[in-house]
Amino acid sequence: MSSSQLHPGDIELSAIEVGRDLLLLIGGGVRHIGAASTAYMEEGNVKVSTSAVPHHKEHTVSESIATRVAAALDRTVTVVMGIHYDDLSKEGIARVVDIVNFKVDQYLFGQNLKR
C-alpha cells in the first residue's frame, strides 16, 4: 500500500489511559510502527528511552513528544508513531512534523482544561 497525498486530517493522535500512564498512538498515510519512545520522571528529571525500526525516522519526533508530554502531565508516556507518505520533500516532512506537534498541543490543551 502506498500513500502520496498528505492530508492534515489523515494524521491522527489517539490517547489510551493505561492506569496512571499514557499511550499515544500517532499515525498517518500508511500507518505502521516506526518508533516507540517512553518518557518517565526520575528524580525530578524526564528520562526517555526509544526504540526505532531500522530505516525509519519517526524516533526523531516520538522522543521529543514523549518527553514534552511526560513533563507537562507528570506521568509516564509512551508514544508509538508511524507515518508514511511516498516521496515527501523536506518541506512535506516539516509539514508532517508541524501537524503532529499541533495535534499534541491540542491534546495537552484539552488535558490542562480537565485539571
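Quick note: structure is the one above.
Read on for an overview of the structure. (Residues numbered from 1 in each chain as written. Predicted model: local features only at pLDDT ≥ 70, side-chain atom pairs only at ≥ 80, totals over all residues. Heavy atoms only, no water.)

1. Looking at the pattern of salt bridges
One pass over the structure, following the stated rule, counts four salt bridges. A salt bridge links Arg31 to Asp10; its shortest N-O distance comes to 3.5 Å. Placement of the pair is Arg31 in the loop between β2 (21-29) and β3 (35-42) and Asp10 in the segment before β1 (12-18), with a sequence separation of 21 residues. In this structure Asp10 comes out as partly exposed when scored by relative accessible area, which is 24%. Its salt-bridge partner being Glu17, residue Arg75 comes within 2.6 Å of it at the nearest N-O pair. Here Glu17 lies in strand β1 and Arg75 lies in the loop between α1 (59-73) and β5 (77-84), a separation of 58 residues in the sequence. Residue classification places Arg75 among the buried positions, given a relative accessible area of 11%. (Salt bridge = Lys/Arg side-chain N within 4 Å of Asp/Glu carboxyl O. Helix = DSSP H or I, 4+ residues; strand = E, 2+ residues; numbered from the N terminus. Buried < 20%, exposed > 50% of the residue type's maximum accessible area, 1.4 Å probe, protein only.)

2. Points about the pairing of β5
The buried count for β5 comes to six of eight residues, which makes it a mostly enclosed element. In terms of strand pairing, β2 meets β5 through eight bridges, oriented parallel. Residue pairing in the sheet places Gly27 in a bridge with Gly82 of β5. (Pairing = 2+ DSSP bridges.)

3. Concerning α1
Compared with an ideal rise of 1.5 Å per residue, which puts 15 residues at 21 Å, α1 spans 21 Å between its outermost C-alpha atoms and is within 8% of the ideal. Asp74, located one to two residues past α1, shows a positive phi value of around 50 degrees. (Expected span 1.5 Å × (residues − 1).)

4. Details of the sheet that holds β5
Across the sheet, which stays open at both edges, the five strands sit in the order β1-β2-β5-β3-β4 with mixed pairing between neighbours. Single-partner strands in this sheet number two, and they are β1 and β4 (45-52). Pairwise comparison of adjacent strand axes, ignoring direction, gives a mean angle of 15 degrees for this sheet. Relative to β4, β3 is paired through eight bridges, and the arrangement is antiparallel. The partner of Ser37 across the bridge, within β4, is Thr50. (Axes fitted to C-alpha atoms, helices over the stretch in contact; angles between N-to-C directions.)

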